[in-house]
Amino acid sequence: ACAIICLFTLLPLFLLCPIHYALLWTASLALELILISCAALVFALITANFLISLSTLIGFYFLSRTISVINLMAHGSSIDKESISSKFIAAFIELLTYLLPDLGNIGLSDWLTNGIENPQILLSQLIQTVIYIALLTGIALVDFNRKNI
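Basis of the calculations
- Residue numbering note: each chain is counted from 1, following its sequence as written.
- pLDDT decides what is reported in this predicted model: residues at 70 or higher carry local features, side-chain atom pairs at 80 or more are listed and counted, and totals for whole chains, interfaces and linings draw on all residues regardless.
- Side-chain numbers here rest on the full set of heavy atoms in the structure, without hydrogens or water.
- Secondary structure elements are defined from DSSP: runs of H or I of at least 4 residues count as helices, runs of E of at least 2 residues count as strands, and each element is numbered from the N terminus.
- Residue burial is assigned from relative accessible area. The probe radius is 1.4 Å, only protein chains are included, and a residue is buried under 20% of its type maximum, exposed over 50%, and partly exposed in between.
- Two residues qualify as a contact provided that any one of their heavy atoms is within 4.5 Å of a heavy atom in the partner residue.
- Residue burial considers only the protein chains on display, and all accessible areas are found by Shrake-Rupley using a 1.4 Å probe.
- Grouping buried Ala, Val, Leu, Ile, Met, Phe, Trp, Tyr and Cys residues that are joined through side-chain atoms within 4.5 Å yields what is termed a nonpolar core.

Chemist: Explanation requested: the overall build of the protein in the structure shown.
Modeler: Scanning the protein from terminus to terminus reveals six helices and zero strands. Taking the principal axes of its C-alpha atoms as reference, the protein extends roughly 50 × 50 × 25 Å. The 149 residues of the protein split such that 32% are buried. For the protein, long-range pairs separated by at least 24 residues make up 67% of all intrachain contacts whose partners lie at least 6 apart in sequence. For the protein, the exposed area adds up to about 9,600 Å²; of that, 74% sits on carbon and sulfur atoms.

What follows is the structure, encoded as structure tokens:
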């Protein structure tokens, strides 16, 4: 399903931008779709309710998309860095930054016009996707073991 979505996304891009830019962007989109699909499967297996599973997936996606911006806001200049609550919030958000995938840097639309400045970004995204798929698989296996399936 991810390949079909990427293919239908790629076809119009051939008319609008250089082919190698479109191919790299579509590969990045495929990584993001695979990661979100695995997360959807894990959330569906863990919870028995569809609405809870969907809400969890949407929250995971939006938080993963915006975690770098939230981290910048937590460490911004307008924050009172001396208060205990600000330090706690900044540390909590820093922890979330390490736990969640950084989807904000995957499939940037800027890549379609300017290309990828450093092709190593795609390799790091692949490594990140593989790590999170392994983590999600481990979570699903723990849940299967807990349910004795």
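Chemist: Mind showing me how you'd approach the nonpolar core here?
Modeler: Across soluble globular proteins, nonpolar side chains have a tendency to be buried as a group. In terms of nonpolar packing, the biggest core is built from 15 residues, with Ala39 and Phe60 touching the most fellow members. Among the elements of the structure, helix H2 (19-46), helix H3 (50-74) and helix H6 (120-147) are those that each provide at least two residues to this core. Among the elements that make up this core, the one with the highest residue count is H2 (five residues). Sequence-distant contacts of Ala39, defined by excluding residues within four places in its chain, comprise Leu57, Phe60 and Leu136.

Chemist: Explain the environment of Ile67 to me, please; I cannot follow it from the model alone.
Modeler: Mapped onto the secondary structure, Ile67 falls in helix H3. Residue Ile67 is classed as buried on the basis of its relative accessible area of 2%. In this structure the C-alpha to C-alpha distance between Ile67 and Leu103, which are 36 residues apart in sequence, comes to 8.4 Å. Setting aside residues up to four positions removed in sequence, Ile67 forms contacts with Ile93, Leu96, Thr97, Leu100, Pro101 and Asp102.

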